Amino acid sequence: MKMADVDSSGFQNIVLMLIGVLIIMLVSNVLTIISNPDNIKIDALITGVTYGADDDAEKEFIPPKFQNLTQDPVYVDVEPTKLTIYYKTIKEVSARDLMFEGNDFEKFLDEIEPNKERRYVVLLLRPGSAVFQRKLRQVIRERGIDVGFEPWETDRPIELEAREEEVTPEAPEEPEAQEEQGA
Amino acid sequence: MATGPSIDLSSFTDLMTCILGVLVLIILLTGIDASQIAVLVATPKEITGDDKSPVFFECRNQQLFYISTDDLKEAVDAKTEQIRTAVAGDQKEFLKQAAQTMLEVNGQKVDYTMALVGKYELIPIPDAEGYSFDKTVVADEENWYASKLATIDPHTQFICFFVRPDSFRTFQRARTLAWLKNINVACELQDERNHIILGPGGSQIFSQ
C-alpha cells in the first residue's frame, strides 16, 4: 500500500527553534539558581528582613548594602521575661537568673568574647522585650562584642540550621569547621 | 531539478519531539526551584564608631510618624511666645500656664514643661493618622516617606525607627526603602504605649 508523502521539514524547523528557546530558558533558570544567596554561603541569614513573607515583591533581589558578611551570627531570642540562646545547644535563661553571677548568659558571652572578631550576637526582639533588651545590649556592648537587632513577631518561629561545632581554643588539633546558623 | 535519494526523517523528528518534552519538564522543575529562592539578608551590626546624627521615625498602628526635633523646637518656641504675651511678663502665671500646657506635633503630644528644660517627652496620640504603605513597596515612588528620605544625607545622617510591637511590618518596609537610598538604619523597640523621651541623659543610639 502506498502512503501519501508528507513533508515534515517545516515541523522539524519549528521543533528545532523551540528546543533552542527552551535551552535559553533552561540556562536562565540555572543561572538564577546559581545566584541563590544560599549557595554563596552568606551567614546570619534572616528572611523577611527586606520583605514580608507574603509581599508580591518578595522575589525581587535587593543587594543589601549594610549586611554583616564578615562575622558569623549567634542568635539570642529575647522575650519579655526570658532569653533563649541558640549557640551549640539551645539554652533558656530567665531574666531573674541574670542577676546572679556566673549565669548561663555570662558563660555564653565568655565563650563568644575570644572569638568576637568572627562572631556577633543578633538579638531577635519579641514584642514586650524593650526594657529587657536594653539591659542585654548594654552587657554585650561592655564586652566589646558586636551586636545586631531584628524585631521578631511573637508567633514567628526561629528555624536554625547547624553545621559541625566550631573549633574551640582548647582543642586546636581538631579540623577546622564552622557552625552556620540561618533563620 | 535534480532529485536525490529520499531520506526518512521521521525517527529524527520523533527524537526531537522527545527532547522537546524532556526540556519542557526540566524547565518546569528548574523554574519552580528558581522562583522559590528566598531573599536573605545578613543582619547588620551596630556601628558604634561613626558620628552620624539620627533622624527619627515612629512605627505605630502600622503607620509611620515623623519625629522632627526642629518641628518640636519650633512648636515649643511658638507656644512660649504665645504664653509670654498672654501673661505679660508675670513669671508665676507663666509657670502656671506652662504646667497645664501640652502640645500636639506630628501625631504626638509633647509635654511642654519637659520641653522647656530641653527634653522632649512624646506621648503617642492613639487615633493620630500617620503614613501607611501600600501593599507593595516601590522604590522610586513619589510619596510622603520618599520625600522625607530625599532630605536625609546618607553620609551624615541615619534613620532611627522607634518600633511599636504592632508595626514590625511597617518597619521592615520603611527600612527596605531606606537601605535602597543607602541610608543606615537603627531600630529601637518600644513597648505598646511607653513615652519616647529625646534629650540629654538618655542612652546613645547607634546606627546599624
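What counts, and at which threshold
Residues numbered from 1 in each chain as written. Chains lettered and ligands numbered in written order. Predicted model: local features only at pLDDT ≥ 70, side-chain atom pairs only at ≥ 80, totals over all residues. Helix = DSSP H or I, 4+ residues; strand = E, 2+ residues; numbered from the N terminus. Rg over C-alpha atoms; globule rule 2.2 N^0.38 Å. Buried ≥ 20, exposed ≤ 12 C-beta atoms within 10 Å, placed from the backbone. Pairing = 2+ DSSP bridges. Axes fitted to C-alpha atoms, helices over the stretch in contact; angles between N-to-C directions. Contact = placed C-beta atoms within 7 Å. Expected span 1.5 Å × (residues − 1). Arc of directions from axis to C-beta. Core = buried A, V, L, I, M, F, W, Y, C linked by C-beta atoms within 7 Å.

1. A short note on the overall build of chain B
Right, so step 1: For chain B, the count of helices and strands is six helices and nine strands.
Right, so step 2: Taking 208 residues into account, the globule formula puts the C-alpha radius of gyration at 17 Å, and chain B, at 29 Å, lies well above it.
Right, so step 3: On the principal axes, the C-alpha backbone points of chain B span a range of 120 × 35 × 35 Å.
Right, so step 4: Of all 208 residues assigned to chain B, the portion counted as buried reaches 31%.

2. Focus on the sheet that holds strand S5 (residues 119-125) of chain A
Each strand in a sheet pairs with another by means of backbone hydrogen bonds, the pair being arranged parallel or else antiparallel.
All names here are of chain A.
Right, so step 1: Taken in spatial order, the five strands of this open sheet run S4-S3-S2-S5-S6, and their pairing is mixed. Two strands close off the open sheet at either side, each with one partner strand: strand S4 (89-94) and strand S6 (147-151). Taken over all neighbouring pairs, the strand axes of this sheet differ in orientation by 25° on average, direction set aside.
Right, so step 2: Each of strand S2 (72-78), strand S3 (82-87), S4 and S5 touches helix H2 (residues 104-112); the most contacted strand, S3, lies at about 30° to it.
Right, so step 3: Set on the sheet, helix H3 (residues 130-142) makes contact with S2, S3, S5 and S6; between it and S5 the angle comes to about 175°.

3. Regarding the environment of Arg134(A)
Right, so step 1: Mapped onto the fold, Arg134(A) is located in helix H3.
Right, so step 2: As for Arg134(A) and Lys88(A), which are separated by 46 residues in sequence, their C-alpha atoms are 24 Å apart.

4. Details of H3(A)
Structural remark: α-helix, 3.6 residues per turn; residues separated by three or four positions point the same way.
Right, so step 1: For H3(A), built from 13 residues, the straight-helix expectation of 18 Å at 1.5 Å per residue is met to within 8% by its first-to-last C-alpha distance of 19 Å.
Right, so step 2: Inspection of H3(A) places Ala130(A), Phe132(A), Gln133(A), Leu136(A) and Ile140(A) among the buried residues, and these make up the whole buried set. Buried residues of H3(A) fall within an arc of 150° about the axis and therefore sit on the same side. Every exposed residue of H3(A) that faces more than 90 degrees away from the buried side is listed here: Lys135(A), Gln138(A) and Glu142(A).
Right, so step 3: Its buried side turned inward, H3(A) meets S2, S3, H2, S5 and S6 of chain A together with strand S8 (185-189) of chain B.
Right, so step 4: Remark: Gly144(A) follows H3(A) within two positions and exhibits a positive phi of approximately 75°.

5. Focus on the pairing of S5(A)
Residue and element names in this part refer to chain A.
Right, so step 1: For S5, the buried fraction is high: seven of the seven residues fall into the buried class.
Right, so step 2: Where S2 and S5 come together, seven bridges link them in parallel fashion. Along S5, the bridge assignment pairs Pro 73 with Tyr 120.
Right, so step 3: Bridging between S5 and S6 involves five bridges; their strand directions are parallel.

6. Quick word on the nonpolar core
Right, so step 1: Counting 56 residues, the largest nonpolar core has Val121(A), Leu123(A), Phe57(B), Ile159(B), Phe161(B), Ala174(B) and Val185(B) as the members making the most contacts within it.
Right, so step 2: Leaving out residues up to four positions away in the same chain, Val185(B) has contacts with Phe158(B), Ile159(B), Phe161(B), Arg175(B), Ala178(B), Trp179(B), Ser207(B) and Gln208(B).

7. With respect to the sheet that holds S8(B)
Residues and elements named next belong to chain B.
Right, so step 1: Overall, mixed pairing links the four strands, which are arranged S3-S2-S7-S8 in an open sheet. Whereas interior strands pair on both sides, the edge strands pair on one side only; in this sheet they are strand S3 (63-67) and S8. Sheet twist, expressed as the average angle between the axes of neighbouring strands with direction ignored, equals 30°.
Right, so step 2: In the sheet, strand S2 (residues 53-60) pairs with strand S7 (residues 157-163) via seven bridges, with the strands oriented parallel. By the bridge assignment, Cys 59 is partnered in S7 with Val 163.
Right, so step 3: Seen against the sheet, helix H6 (residues 168-180) touches S2, S3, S7 and S8 and runs at an angle of roughly 170° to S7.

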